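# Inside the fold
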Amino acid sequence: MSVIMKLFPLKRFFMGFKGWKILISIIIPIYNVEKYLDRCICSVLTQTFRDLQVILVNDGSTDNSALICEKYKLADNRVIVVNKENGGLADARNVGMRYADGEYIAFVDGDDYVACDMYEELYNAIKRNSVPIACCGRTDLYEKGMKIRNRKSFVLKCEMVYDRIESVKALCLYNAMDFSCCDKLFEKSLFSGVRFPKGKTSEDIPVVFELFCRAKGVVHIGKAKYYYCHRMNSITGEPFSVRRMDYLFFIQNVCRKTLVLYPQCKKEVQVLHLRAAFSTWQNVMKLRDYKLQYSGIEKRLRIMIINLLIAYSFNPYIKLEEKKRMAGELLSGSVHLSDKKLIKKK
């Protein structure tokens, strides 16, 4: 029996109960991911938490993604399909938010998937701790040929609640959480006047930072519930280009704003700034012919990192081993073998 046919009973159930209350709207931007789409949508529709609205935003796909979306719309009354011209991930998410009727909003990328109880756990944690944001850990899955082992990220020993300052510090240190919006559940009211920047990469960074600044606190459930699938032909599997500089620009803006709003986070901001600059430099250096196109960018980044290493030399978060590794790579002009991998920053 096909996956679609298994879902038809859900259609009959929800059509017979049209007054159900939508508590969570899950937005799934979709662009040419037919190979992964069944797995993604099924993982959302079979959640133990049933009061969902699933918004499938087909962002101008040229494969069979649109047909797959329509099949799920027929199978489950909770599914809305939005077809639009290609405008990128940020634009697709923004369009999806126009259709969101839930009290909470979540995002899942079309090539990823989630554990069956993810949203039940996140929702209950929000209610239990009276905070507007919940997050979880991730399992990073790498496509065959990428030569990187699957691993879990941001897993804690137990549930943790962070106040606003603590959560901003955790973001800066990538300690327990990062700027991805996909492993989180947000109270919809936080998005008032907030949208993803269209046409940019790393579009999560300014949005998640703003939402954390508006939230009185954040709860982390401690467990890994989101499956983050790294593909060689995904946005961040592409070779370095000037567009990839968006990551560093957004991080620099976060650093400036944090120092103004929360000066007590100065040491954490320094760590974020240095590591973002170094990560960007590494991505440039992974190009065999970087000198032909990006020698100017590489030189400016190298000078910036050296200056930051000097300026932040007494920062307790930046250990001596990390400083030596960075300095060694900068002087030799090569990237350490352990860093020669494709990292998916959506």
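Rules and cut-offs
Numbers given to residues run from 1 along each chain, matching the order in which its sequence is written. Side-chain atom pairs in this predicted model are given and counted only at pLDDT of 80 or more, local residue features only at pLDDT of at least 70, and totals for whole chains, interfaces and linings cover all residues. With hydrogens and water stripped out, all remaining heavy atoms of the structure feed into the side-chain values. Note on geometry: axes are lines fitted to C-alpha atoms, helical ones only across the stretch in contact, with angles between N-to-C directions running from 0 to 180 degrees. Secondary structure elements follow DSSP: runs of H or I of four or more residues count as helices, runs of E of two or more count as strands, with numbering from the N terminus. To sort the angles, those under 35 degrees are grouped as roughly parallel, those over 145 as roughly antiparallel, those from 65 to 115 as roughly perpendicular, and the leftovers as oblique. Note: crossing handedness is left-handed where the near helix turns anticlockwise from the far helix by less than a right angle, and right-handed where it turns clockwise. Working rule for contacts: check all heavy atoms of both residues, and any pair within 4.5 Å makes them a contact. Put simply, Ala, Val, Leu, Ile, Met, Phe, Trp, Tyr, Cys and Pro go in the nonpolar bin, Asp, Glu, Lys and Arg in the charged bin, and everything else, Gly too, in the polar bin. One speaks of a salt bridge when a side-chain nitrogen belonging to Lys or Arg is within 4 Å of a carboxyl oxygen belonging to Asp or Glu. Partly exposed describes any residue whose relative accessible area lies between the buried limit of under 20% and the exposed limit of over 50%, with all areas from a 1.4 Å probe on protein chains only and scaled to the type maximum. Here, nonpolar core refers to any group of buried Ala, Val, Leu, Ile, Met, Phe, Trp, Tyr and Cys residues whose side-chain atoms link them within 4.5 Å. Side-chain rings of Phe, Tyr and Trp, where Trp is taken by its six-membered ring, are said to pair if the distance between their centres is within 6.5 Å; with planes under 30 degrees apart they count as stacked, over 60 as edge-to-face, and otherwise as tilted. Only when the NZ atom of a Lys or the CZ atom of an Arg is both within 6 Å of the ring centre and within 35 degrees of the ring normal do we say a charge sits over the ring. When DSSP finds two or more bridges between a pair of strands, those strands are recorded as paired. When the strands point away from the viewer, a crossover counts as right-handed if the route from the first strand across the helix to the second turns clockwise. Here pLDDT means the predictor's own confidence in every residue, given as a number from 0 to 100.

### Describing the packing of helix α3 (residues 34-45) against helix α4 (residues 65-75)
Two numbers describe how α3 lies on α4: the axes approach to 10 Å, and their chain directions differ by 25 degrees. The orientation of α3 with respect to α4, classified from their angle, is roughly parallel. In this structure, the crossing between α3 and α4 has a hand that is right-handed. Where α3 approaches α4, its residues E34, L37, D38, I41, C42 and L45 are matched on the opposing element by S65, I68, C69 and Y72. Here the residues of the contact of α3 with α4 are counted per class, giving seven nonpolar, one polar and two charged.

### Considering the pattern of salt bridges
By the definition in use, this model includes 18 salt bridges. For D204, the salt bridge is made with R93, and the minimal N-O distance between the two is 2.5 Å. One end of the pair, D204, is in helix α8 (residues 204-214); the other, R93, is in helix α5 (residues 89-98), and 111 residues separate them in sequence. You'll find D204 and R93 in the same group, each marked buried. In this structure, K225 engages E121 in a salt bridge whose closest nitrogen and oxygen atoms are separated by 4.0 Å. You can see K225 sitting in strand β10 (residues 217-230) and its partner E121 sitting in helix α6 (residues 118-129), a full 104 residues away along the chain.

### Digging into the side chain of T139
Relative to the assigned elements, T139 resides in strand β6 (residues 133-142). The exposure class assigned to T139 is buried, which follows from its relative accessible area of 9%.

### Remarks on the environment of V114
For V114, the location among the structural elements is in strand β5 (residues 113-114). V114 sits in the buried class, given a relative accessible area of 4%. Spatially, the C-alpha atoms of V114 and I41 are 9.3 Å apart, while their sequence positions differ by 73 residues. Every residue in contact with V114, bar those within four places of it in the chain, is listed here: S43, V44, Q47, V108, Y119, K225, Y226 and Y227.

### A word on the nonpolar core
Among the nonpolar cores identified, the biggest contains 109 residues, and I24, F107 and Y119 are the most heavily contacted of them. Looking at this core element by element, the count peaks at 10 residues for helix α10 (residues 266-285). Ignoring any residue separated from it by four or fewer positions in sequence, one finds I24 in contact with F49, D51, L52, Q53, G102, Y104, Y119, Y123 and L185.

### Brief notes about the packing of aromatic side chains
For the coordinates displayed, the defined rule picks out nine aromatic pairs. When the ring of Y104 is compared with that of Y123, the centres are 5.7 Å apart and the planes differ by 90 degrees; the resulting orientation is edge-to-face. Here the residue Y104 occupies a position in strand β4 (residues 104-107), and Y123 occupies one in helix α6, the gap between them amounting to 19 residues. Relative accessible area serves as the criterion here: at 4%, Y104 is assigned to the buried category. Residue classification places Y123 among the buried positions, given a relative accessible area of 12%. In this structure, R93 is placed above the aromatic ring of F107, and the distance from its NZ or CZ to the ring centre is 5.6 Å. One residue, R93, lies across the ring of F196, its end atom 5.0 Å from the ring centre.

### Focus: the pairing of strand β3 (residues 79-84)
One ladder, built from six bridges, connects strand β2 (residues 52-59) with β3; its direction is parallel. Within β3, the position partnered with V57 by the bridge is V82. At this point the chain moves from β2, through α4, to the parallel β3, and the crossover so formed is right-handed.

### What to know about the confidence of the model for the protein chain
Overall, the predicted model of the protein chain reaches an average pLDDT of 89, with 86% of residues at or above 70. Here residues 1-5 is modelled with pLDDT under 50, and outside its nearest four sequence neighbours on either side it reaches six contacts, counting other chains as well. Considering only residues more than four positions removed or in separate chains, one finds that residues 11-17, a stretch of pLDDT under 50, has 11 contacts.

### A look at the packing of helix α7 (residues 164-173) against α10
Here α7 crosses α10 at 25 degrees, and the two axes come no closer than 8 Å. For the element pair α7 / α10, the angle class is roughly parallel. You can see that α7 and α10 cross each other, and the crossing is left-handed. In this structure, α7 contributes K169, C172 and L173 to the contact, and α10 contributes E268, V269, V271, L272 and R275. Here the contact of α7 with α10 is built from residues that sort into five nonpolar, no polar and three charged.

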